[in-house]
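# Fold and contact review
If you want the building blocks of each chain, they are given just below.
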Amino acid sequence: MHELALCEAILDTVTRRAGGKRVDRVQVRIGYFRQVVPNSLLFSWELLTEGTDLAGCGLDIDHVPAIVECRSCGAHTNLDAPILVCGTCLGSDVVLLCGEEFLIASIDPAREVF
Ligand SMILES: [Zn+2]
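Residues numbered from 1 in each chain as written. Predicted model: local features only at pLDDT ≥ 70, side-chain atom pairs only at ≥ 80, totals over all residues. Heavy atoms only, no water.

### Some points on the pattern of salt bridges
Worth spelling out the cut-off: In the sections that follow, a salt bridge refers to a side-chain nitrogen of Lys or Arg positioned within 4 Å of a carboxyl oxygen of Asp or Glu. By definition, any uninterrupted DSSP run of H or I lasting at least four residues is a helix, any uninterrupted run of E lasting at least two residues is a strand, and each is numbered from the N terminus. Burial classification: accessible surface area is computed with a 1.4 Å probe over protein chains only, and a residue below 20% of its type maximum counts as buried, one above 50% as exposed, and the rest as partly exposed.
Scanning the model with the defined rule gives five salt bridges in all. Residue Arg-25 pairs with Asp-60 through a salt bridge whose shortest N-O separation is 2.6 Å. Within this pair, whereas Arg-25 is found in strand 1 (residues 23-31), its partner Asp-60 is found in strand 2 (residues 58-64), the two being separated by 35 residues in sequence. When its relative accessible area of 27% is taken as the criterion, Asp-60 is described as partly exposed. Salt-bridge contacts for Arg-71 lead to Asp-93; the nearest nitrogen and oxygen are separated by 3.0 Å. Linking Arg-71 in the loop between strand 3 (67-70) and strand 4 (76-78) with Asp-93 in the loop between strand 4 and strand 5 (94-98), this pair joins segments that are 22 residues apart in sequence. Overall, Arg-71 belongs to the exposed group, its relative accessible area being 57%.

Below you can see the structure in the form of structure tokens.
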């Protein structure tokens, strides 16, 4: 399960970064080409964090579109299918600008409650 492995990586990083502090929310940026199923990722996250220091910690998924730049006409195309083609001239000499991301954008520590 692809999403479970990704969650393990997130959990591992967040746990090390948090250093025992409570975390309310983790935001991840996931590119289009990662082909992640959001519900599956959230389910895996709940499964893995249950019973750990991160239990109840929310996971925000920020989807990054796949955008290519055409080397022939210079146009930028927001891909709606995983096919590397320019939407303006249909050329295939394109460079992927974003869409392959998989990173943790932020880790929000829990606010102290008095
Ligand atoms: Zn083009």
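### Observations concerning the coordination of the zinc ion
Which entries qualify depends on this criterion: Donor criterion used throughout: N, O or S atom within 2.8 Å of the metal, extended to 3.2 Å for Na, K and Ca. Water excluded; incomplete-looking sites may result. Key to geometry: four donors with every angle between 85 and 135 degrees are tetrahedral; four donors are square planar and six octahedral where opposite donors lie over 155 degrees apart and all remaining angles lie between 65 and 115; all other sites are irregular.
The zinc ion binds to the protein through Cys-70 (SG), Cys-73 (SG), Cys-86 (SG) and Cys-89 (SG); the donor distances cover 2.3 Å. Around the zinc ion sit four donor atoms, and with donor-metal-donor angles ranging over 106 to 119° the site reads as tetrahedral. Motif for the zinc ion, donor spacing along one chain: C-x2-C-x12-C-x2-C. Taking the relative accessible area as the measure of exposure, Cys-86 reaches 0% and is therefore buried.

### Observations regarding the side chain of Glu-101
Just so we agree on the cut-off: Under the convention used here, Asp and Glu are negative, Lys and Arg are positive, and both His and the chain ends fall outside the count. By the criterion applied in these results, polar contacts are pairs of N or O atoms within 3.5 Å in which, for protein atoms, one can donate a hydrogen and the other can accept it, and in which residues neighboring in sequence qualify only through two side-chain atoms. Contacts are assigned to residue pairs that have any heavy atoms within 4.5 Å of one another.
Relative to the helices and strands, Glu-101 is located in the loop between strand 5 and strand 6 (102-109). The side chain of Glu-101 sits in the buried core without any salt bridge; Arg-29 is the nearest counter-charge, 5.3 Å away. Here Gly-99 takes part through its backbone nitrogen, which lies 2.7 Å from a polar atom of the side chain of Glu-101. With near-sequence residues (within four places) excluded, Glu-101 lies in contact with Arg-29, Ile-30, Gly-31, Arg-34 and Val-64.

### A few points about helix 2 (residues 38-49)
Note the following rule: How far a helix is expected to stretch is found by multiplying one less than its residue total by 1.5 Å. The arc in question is the one traced by the directions running from the helix axis out to the C-beta atoms.
Here helix 2 spans 16 Å end to end across twelve residues, near enough to the 16 Å set by a 1.5 Å rise per residue. Buried within helix 2 are the following residues: Ser-40, Leu-41, Ser-44, Trp-45 and Thr-49. What you see down the axis of helix 2 is that its buried residues fit within an arc of 150°, all on one side. Exposed residues lying more than 90 degrees from the buried face of helix 2 are Asn-39, Phe-43 and Glu-46. Check the buried side of helix 2 and you find it contacts helix 1 (2-18), strand 1 and strand 2. Looking one or two places after helix 2, you find Gly-51, whose phi comes out positive at around 80°.

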